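Results of the structural survey
Chain residues, written in single-letter form:
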Amino acid sequence: MDVTARGRPAAGRTGLWLLLALSTAFGAHNPAMRCISRSPLAFSKRKSMGGGRIGLSRTSKDKEAGKDDEKRFSEYVEGKYQTFITSTAGYFASLKPPEPQEAHGMLRIAQLATVHLGPNNRLLDVGTGTGDMVPFYLQGDGFNASQVVGIDISPGMIERAREKFPSAVFVCGDVDTMLLEGLGGKRFESIVINACISHFWDPVATIARLADQFLQTEGKLIISHPRGREFIDRMRGKDNSLFRHGLPNREDIQLLVQGPWSKLKPISFNDEADYFCAVFQKAE
């Protein structure tokens, strides 16, 4: 699998990722693996010649906790995380425009997401928050707000997004349980998962579901963060209960597209100090 890349070398050790790919792909049908596939992911530090990395690997603690995964998930969504995203809606809405460097990263992401879209195509902005990416999408040639559908689990953030961009469609809901009918009933030509993968309970399963049920054939799926891996690592150091996961590296992606993300073909991979963007296309 050829993945073009910039940035630091990928981490070693593939055993945990091979187990992850198999358990996620077959866990629902294999009782012996179900407890693994249902347990949450913890992207733990791994060592390579490039130093400490954050990879997508399960800790032994997570495996042991698989039996009460549903309870822990409910507590996570309804407890600290729900409180966090609800209470900070006003804060995010009041923020000044992003710094030039971050804004440049957001524009790069938006250009990749919209360059292939025609006037009848749609873009799904996952974890849209207060709609911060929308102005950058609108800089695309001929692209307009009515083509954007944003989804977020926070009612407060969705309310702010609707106030800012009344022409766009914003849906309050959980992307892990939302049906396509709730998002207009038509598959999307572009899906952007920007600056939110760290908060997903099980990002491997969520992204596999998005690709399978929501992405149009030959459409693009983008995983990104305009402030990059180092920012996420710092935030995880402060509170890894909210920033549960790091960002996938190139080796992780190569394993995933051979397993649970088999419908996705890697197109490009940029892992810079202050910018992260992995672009995929859905295979026919």
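Structure report, in brief. (Residues numbered from 1 in each chain as written. Predicted model: local features only at pLDDT ≥ 70, side-chain atom pairs only at ≥ 80, totals over all residues. Heavy atoms only, no water.)

Turning our eyes to something else, we now look at the overall build of the protein chain. Secondary structure summary: the protein chain contains 12 helices and 10 strands in total. Looking at the protein chain residue by residue over its 284 residues, the buried ones come to 52%. Intrachain contacts of the protein chain at a sequence separation of at least 6 include 70% that bridge at least 24 residues. Surface summary for the protein chain: the accessible area is close to 13,200 Å², and the carbon and sulfur share equals 53%. (Helix = DSSP H or I, 4+ residues; strand = E, 2+ residues; numbered from the N terminus. Buried < 20%, exposed > 50% of the residue type's maximum accessible area, 1.4 Å probe, protein only. Contact = heavy atoms within 4.5 Å. Areas by Shrake-Rupley, 256 points an atom, 1.4 Å probe, with all protein chains shown as cover.)

This part is about the pattern of salt bridges. Counting across every chain of the model gives 4 salt bridges. Its salt-bridge partner being E272, residue R108 comes within 3.1 Å of it at the nearest N-O pair. With R108 in helix α7 (residues 100-114) and E272 in strand β9 (residues 264-272), this pair connects stretches of sequence that are 164 residues apart. Judged by its relative accessible area of 16%, E272 falls in the buried class. In this structure, the salt-bridge partner of R229 is D271, at a minimum N-O distance of 2.8 Å. Of the two residues, R229 sits in helix α11 (residues 228-238) while D271 sits in strand β9, which places them 42 residues apart along the sequence. You can call R229 buried: its relative accessible area is 1%. (Salt bridge = Lys/Arg side-chain N within 4 Å of Asp/Glu carboxyl O.)

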